[in-house]
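# An overview of the molecular structure
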Amino acid sequence: MTTATEVRGACESRFSRVRDAFAQNFREFPEVGASISVVVDGRTVVDLWGGYADEARSREWQQDTIVNVWSSTKGVTATCAHRLVDQGLLDLDAPVARYWPEFAQAGKEALPVRYLLSHRAGPPRR
């Protein structure tokens, strides 16, 4: 038996589609728990949460549930990089080492910037 997940919080009416999409994640996908906050011009216009804070579904997600954030800087990094390209300050085909000399180690001397932005660089994690 599936129980509908209650979405809690506040959402301005002009952002009702955000609330709908958020709720849809619980209905149609295996979402355990989540939250979203949207701030426009310094004012919070969406602050929603729902589900559970653990896979066992024993702790309800609260307004202040603390979680790790994955990949949150990728979009900002890509935007900044493309703005630099547009201004002629970054060459996507140049080696990363042109901008970050210490990167030129362990066979990465010629690796182009574009590989970092497209996840093709493959540097090992430590």
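Model, not experiment: these values are computed from the prediction.

## A short note on the overall build of the protein chain
In terms of regular secondary structure, the protein chain is built from three helices and three strands. Put simply, the protein chain runs from its N terminus to its C terminus through helices and strands in the order β-α-β-β-α-α. For 126 residues, the compact-globule estimate of 2.2 N^0.38 gives 14 Å, and the protein chain exceeds it by more than 25% at 20 Å. Dimensions along the principal axes, computed over C-alpha positions, put the protein chain at roughly 55 × 35 × 25 Å. Every one of the 126 residues in the protein chain was classed for burial, and the buried ones make up 21%.

## Comments concerning the pattern of salt bridges
Scanning the model with the defined rule gives five salt bridges in all. E6 is the partner of R8 in a salt bridge, and the nearest nitrogen-oxygen pair spans 3.2 Å. One salt bridge in this structure joins R14 and E12, with 3.1 Å as the shortest N-O distance. Beyond isolated ion pairs, a larger network of salt bridges with shared partners links E6, R8 and E60.

## Examining the sheet that holds strand β2 (residues 33-40)
The strand order β1-β3-β2 describes an open sheet built from three strands, whose pairing is antiparallel. Unpaired on one side and paired on the other, β1 (7-11) and β2 mark the two borders of the sheet. The mean inter-strand angle of the sheet, taken between neighbouring strand axes irrespective of direction, is 5°. Bridge count between β1 and strand β3 (residues 43-51): five bridges; the pairing is antiparallel. Among the inter-strand pairings, R8 is bridged to a residue of β3, identified as W49.

## As for the nonpolar core
Judged by nonpolar contacts, V7, F15, F22, A23, F26, A34, V45, V46 and L48 together constitute the single largest core of nine residues. Of all elements in the fold, only α1 (16-28) and β3 reach the threshold of two or more residues within this core. Setting aside residues no more than four positions away along its own chain, A34 makes contact with F22, F26, L48, W49, G50 and W61. Counting residues in hydrophobic clusters, the runner-up holds seven residues, among them A81, L90, L92 and V96.

## Points about the packing of aromatic side chains
Applying the stated criterion across every chain, the model contains two aromatic pairs. A ring pair is formed by W100 and F103, whose centres lie 5.0 Å apart and whose planes are at 40°; its orientation type is tilted. Taking the relative accessible area as the measure of exposure, W100 reaches 45% and is therefore partly exposed. What makes F103 buried here is its relative accessible area of 6%. K108 extends its terminal NZ or CZ atom over the ring of F103, reaching a point 4.3 Å from the ring centre.

Rules used in this analysis
- Per-chain numbering applies: the sequence of each chain, read as written, is numbered from 1 onward.
- Thresholds applied to this predicted model are a pLDDT of at least 70 for local features of residues and 80 or more for the giving and counting of side-chain atom pairs; totals over whole chains, interfaces and linings are not thresholded and use all residues.
- Water and hydrogen atoms play no part in the side-chain values, which are based on all heavy atoms of the structure.
- Helical segments are the DSSP runs of H or I of at least four residues, strand segments are the runs of E of at least two, and each set is numbered from the N terminus.
- In this setup the radius of gyration rests on C-alpha atoms only. A globule is expected at 2.2 Å times the number of residues raised to 0.38.
- Buried residues are those whose accessible area, probed at 1.4 Å on protein chains only, stays under 20% of the maximum for their type, while exposed residues exceed 50% and partly exposed ones sit between those limits.
- Put simply, a salt bridge is a Lys or Arg side-chain nitrogen that is within 4 Å of an Asp or Glu carboxyl oxygen.
- Two strands are counted as paired when DSSP detects at least two bridges linking them.
- For every element, the axis is a line fit to its C-alpha atoms; helices are fit only across the contacting stretch, and the angle between N-to-C directions ranges from 0 to 180 degrees.
- Here the nonpolar core consists of buried residues drawn from Ala, Val, Leu, Ile, Met, Phe, Trp, Tyr and Cys, with membership extended through side-chain atoms lying within 4.5 Å.
- Here, residues are in contact when the closest pair of their heavy atoms is within 4.5 Å.
- Centres within 6.5 Å are what make two rings of Phe, Tyr or Trp a pair, Trp counting through its six-membered ring; a difference in plane orientation under 30 degrees is then read as stacked, over 60 as edge-to-face, and the rest as tilted.
- Charge-over-ring placement is defined geometrically: NZ (Lys) or CZ (Arg) within 6 Å of the ring centre, and within 35 degrees of the ring normal.

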